[in-house]
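# Structural characterization, general
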Amino acid sequence: MNDLYIILTASLVACSCGLLGCFLILRKMAMVGDAISHAVLPGIVIAFLVSGSRDSVTMLAGASLIGMLTTFLIEFLHKKARLQTDASIGVTFTCLFAIGVVLISLFAGKVDLDQDCVLYGEIAYVPLDMILSPTGLIFGPRALYIMGAIFIAIVLFITFGYKELLLTTFDPAFASALGISATFWHYLLMGAVSATTVASFESVGAILVVALLIGPAATAYLLTDNFLVMLILACVAGVLVSISGYYIAVWLDGSIAGAIAGMTGLLFTLAMLFSPTHGLLFKKLRTTSDEVSSA
Amino acid sequence: MQPEITTTPALEVHDLTVAFDRKPVLWNIDLKLPAGKLIGIIGPNGAGKSTLIKATMGLLPLSSGYVRLYDQPIDNVRNRISYVPQRESVDWDFPASVMDVVLMGRYGKLGLFRRVRQADRDVALDCLRKVGMEAYANRQISQLSGGQQQRTFLARALAQQADIYFMDEPFAGVDAATEKAIIGLLQAMTEAQKTVIVVHHDLQSVTHYFDWVIMLNTRLVACGPTETTFTQQNLQETYGGKLTLLSDVGDLIRRENFPNREGVSKPVL
């Protein structure tokens, strides 16, 4: 049963991240996920210090606010200070993460948090935090419910905002000319990335969140020329790496998050080599056969 | 100085100034454009041609002035305007087909939450037919040539079924045959009382293509019907001391002396 809980939680994280990742990589903003997942640290610490509880909802609220602030700062530095996007991402998130680290070290005695737990997380502990009814009935792990809610919210968001998200990603100027605000949808998407990142990294850690935001989406990008198919393939890739990663970790008796991130890299490499449309192998075969037919 | 337009102007720009970092890119532009004309915007590089159409559509913040379309503020008539951005402004490796891109032209009419219907697909396919691209409807956009990309953008704009079209250099990087096909289409559109405003670079073709010209160099030099506005004096005022372009002006003056040569053969640049 514990196996199933862990795999299910990992899959939900992977699917939510994979769906959002498709938009991020096509907007050339893949590293924004990285930035948010690190920059939310001070938000979590402040939320904890203010409320005094490690209750998920408080943490989620604090971290989401800081996540939005991060995307706002990145936009601000890029537009107003005329800094390149990658440079503004780099400056913003290292600075915010550092503030978080300082806060943790200042209040080390009072905060049951450390950098390791934030960065690496521990998905193996998912089955330990169960929701119990007053009579002692077990409803399942808390993380599973949180991730399930996030996943449903992301699917609804993409279903209802599909046209707008697609258009503002492909051609923001044209969208604005139609009266569809590119800025509004940008912040809505970034809000979704913040919430997902924060909810996910509590259970799986920041580094796995980054891997899942980019890896499955990048794999899907190499496998298709259709955006809708890309979204679906990103989810399939996410579920595949969650299952295979888990069993490899059990077999090796190693870190589950590490194995899942590793599988993400492996799956991407396979797609890069063997994709029917963009794969290096098929491209090579095609050029050779062209040479043969032209000779 | 500007000829009076008796009917409601399609576009009215009043006292428009646009500045980046306090440096004016457009200064005090005042103009009125009639409906149903093919209008060219010409001027040297950095004259603010693209900025003018972006500012007109409300894509850039204005430092001063206002814009009215069909005597209404721009946000009231969004579904009557259409835009063809510069081809390089998007990522052509995006996972989308030609049809997907043309359907984007329908999004403004559909509004939030509504899905693309068969009627929208029919309109999109019809627009692809008009630009001669119906055979490429399912083609991945990364596999298109420059001219085909431009025609895809044009089909997307047509799919909006708007009344006024803003086009940013639609002839950049397309071959002569495509250019001829596009200009034929634009002329047919103006006959149907659509207003088409085109940012244009090639001075040689201005007299053949456009009913009206806007001559721009940060300030408005002139705006009016091509035959009275596109003069030697206005050209010199627009292009000033730009040496490379003076030879073009010289070319045009020479052609004015020998009007019978016009249209016989287009000099290869």
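Placed above this text is the structure.
Small disclaimer: the values here were computed from a predicted structure and weren't measured.

Scanning chain B from terminus to terminus reveals ten helices and ten strands. Relative to its 269 residues, chain B shows a buried fraction of 52%. Of the contacts formed within chain B by residues at least 6 apart in sequence, a portion of 70% connects residues at least 24 apart.

Helix and strand counts for chain A come out as 14 helices and two strands. A burial count over chain A gives 51% of its 295 residues as buried. As displayed, chain A has an accessible area near 13,400 Å², and 72% of this comes from carbon and sulfur atoms.

What follows covers the interface of chain B and chain A. With 30 residues of chain B at the contact, the number on the chain A side is 26 residues. Contact with chain A buries surface across chain B, with F94(B), P95(B) and Y107(B) losing the most and accounting together for 28% of the total. Where chain B meets chain A, there are two salt bridges. Here D171(A) makes a salt bridge to R156(B), at a shortest N to O gap of 2.7 Å. Where chain B packs against chain A, one counts eight residue pairs in polar contact (both at pLDDT 80 or more). Listed by contribution, the elements that provide at least two residues to the side of chain B that touches chain A are β6 (81-84), α3 (107-110) and α5 (146-159) of chain B. Top contributing element to the side of chain B that touches chain A by residue count: α3(B), with three residues.

Residue and element names in this part refer to chain B. Within strand β9 (residues 212-217), five of the six residues are buried, which leaves it mostly tucked inside the rest of the structure. With four bridges connecting them, strand β3 (residues 38-42) and β9 associate as parallel partners. Residue pairing across strands places G40 opposite V213, the latter belonging to β9. The pairing of β9 with strand β10 (residues 219-225) spans six bridges and is antiparallel. If you follow I214 over to β10, its bridge partner there is C223. A loop of one residue connects β9 with β10, the two strands running antiparallel in sequence, and T218 in this loop sits at a positive phi of about 60 degrees.

So, about the pairing of strand β2 (residues 138-141) of chain A. All names here are of chain A. Bridging between strand β1 (residues 130-132) and β2 involves three bridges; their strand directions are antiparallel. From the neighbouring strand, M130 faces β2, where its bridge partner is P141. Joining the antiparallel neighbours β1 and β2 is a turn of five residues, in which G136 adopts a positive phi near 95 degrees.

Considering the arrangement of structural elements, one finds K49(B) in helix α1 (residues 49-56). Sequence-distant contacts of K49(B), that is, excluding residues within four places in its chain, are made with I41(B), I42(B), G43(B), P44(B), V199(B), H200(B), H201(B) and L216(B).

We now examine the packing of aromatic side chains. Aromatic ring pairs: the centre-centre distance and the angle between the two ring planes describe each pair. Scanning the model with the defined rule gives twelve aromatic pairs over all chains in all. Arranged with centres 6.3 Å apart and planes meeting at 20 degrees, the rings of F157(A) and W185(A) form a pair that is stacked. Residue F157(A) is found in helix α7 (residues 142-160), and its partner W185(A) is found in helix α10 (residues 182-204); the two are separated by 28 residues along the sequence. Each of the two residues, F157(A) as well as W185(A), counts as buried. With 6.1 Å between their ring centres and 35 degrees between their planes, Y162(A) and F227(A) make a pair best called tilted. Highlighted residues: Y162(A) in helix α8 (residues 162-170) and F227(A) in helix α12 (residues 227-252), separated in sequence by 65 residues. Among the residues examined, F227(A) registers a relative accessible area of 3% and is labelled buried. Aromatic rings pair up to connect F23(A), Y162(A), F170(A), F227(A), W92(B), F94(B) and F153(B) into one cluster.

Further remarks concern the sheet that holds strand β1 (residues 11-20) of chain B. Residue and element names in this part refer to chain B. If you walk across this open sheet you meet the four strands as β2-β1-β4-β5, and the pairing is antiparallel. Every other strand in the sheet has two partners, leaving β2 (23-33) and β5 (72-73) as the edge strands with one partner each. The pairing of β1 with β2 spans seven bridges and is antiparallel. Within β2, the position partnered with L11 by the bridge is L33. Relative to the sheet, α1 contacts β1, β2 and β4 (64-69), its axis offset from that of β1 by approximately 115 degrees.

Turning our attention to a nonpolar patch on the surface. Residue and element names in this part refer to chain A. The grouping of L266, L270, M272, L273, F274, L280, L281, F282 and L285 at the surface amounts to a nonpolar patch, some 770 Å² of accessible area in total. Those elements that provide at least two residues to the nonpolar patch are α13 (256-274) and α14 (280-294). The greatest single-element share of the nonpolar patch, amounting to five residues, is contributed by α13. Along the chain, L280 turns up in helix α14. A relative accessible area of 47% means that L280 is categorised as partly exposed.

Right, let's get into the nonpolar core. Within the largest apolar cluster, 163 residues are counted, with the highest numbers of intra-cluster contacts made by L69(B), F166(B) and L186(B). The element contributing the most residues to this core is helix α1 (residues 2-26) of chain A, with 16 residues. Each residue touching F166(B), except ones within four places of it in the same chain, is listed here: L11(B), I53(B), T56(B), M57(B), L69(B), I81(B), S82(B), Y83(B), V84(B) and I197(B). By size, the runner-up hydrophobic cluster in this structure holds five residues, among which are V45(A), F97(A), L103(A) and I104(A).

Thresholds, definitions, all that
- Residue numbers run consecutively from 1 along every chain, following the written order of its sequence.
- The naming scheme follows written order: chains are lettered A onward, ligands numbered 1 onward.
- Local features in this predicted model are restricted to residues of pLDDT 70 or higher, and side-chain atom pairs are both shown and tallied only at a pLDDT of 80 or more, whereas totals for entire chains, interfaces and linings draw on every residue.
- Side-chain measures were taken over the full set of non-hydrogen atoms in the model, leaving aside hydrogen atoms and water.
- Under the DSSP-based scheme used, a helix requires at least four consecutive residues in state H or I and a strand at least two consecutive residues in state E, with every element numbered from the N terminus.
- Per-residue accessibility, obtained with a 1.4 Å probe over protein chains only, is compared with the maximum for each type, and a residue is labelled buried under 20%, exposed over 50%, and partly exposed between these values.
- We call two residues in contact when some of their heavy atoms are within 4.5 Å.
- To be clear on the numbers: accessible area is Shrake-Rupley with a 1.4 Å probe, and residue cover counts the displayed protein chains and nothing else.
- By buried area we mean the combined loss of accessible area, with a 1.4 Å probe, across both parts when two parts are placed together.
- Only one rule defines a salt bridge in this text: a Lys or Arg side-chain nitrogen within 4 Å of an Asp or Glu carboxyl oxygen.
- Nitrogen and oxygen atoms within 3.5 Å of one another constitute a polar contact, given that in protein one can donate a hydrogen and the other can accept it, and given that sequence-neighbouring residues count only through two side-chain atoms.
- Whether two strands pair depends on DSSP finding at least two bridges between them.
- The aromatic pairing rule takes the rings of Phe, Tyr and Trp, using the six-membered ring of Trp, and pairs them if the centres are within 6.5 Å, calling planes under 30 degrees apart stacked, those over 60 edge-to-face and the rest tilted.
- Note on method: axes are straight lines fitted to C-alpha atoms, helices fitted across the in-contact stretch only, with angles between N-to-C directions ranging 0 to 180 degrees.
- Like charges within 9 Å and nonpolar side chains (Val, Leu, Ile, Met, Phe, Trp, Tyr) within 5 Å are joined into patches, using only residues over 30% in relative accessible area that form no salt bridge.
- Throughout, nonpolar core names a set of buried Ala, Val, Leu, Ile, Met, Phe, Trp, Tyr and Cys residues whose side chains join them through atoms within 4.5 Å.

The values reported here are purely geometric and, on their own, carry no functional implication.
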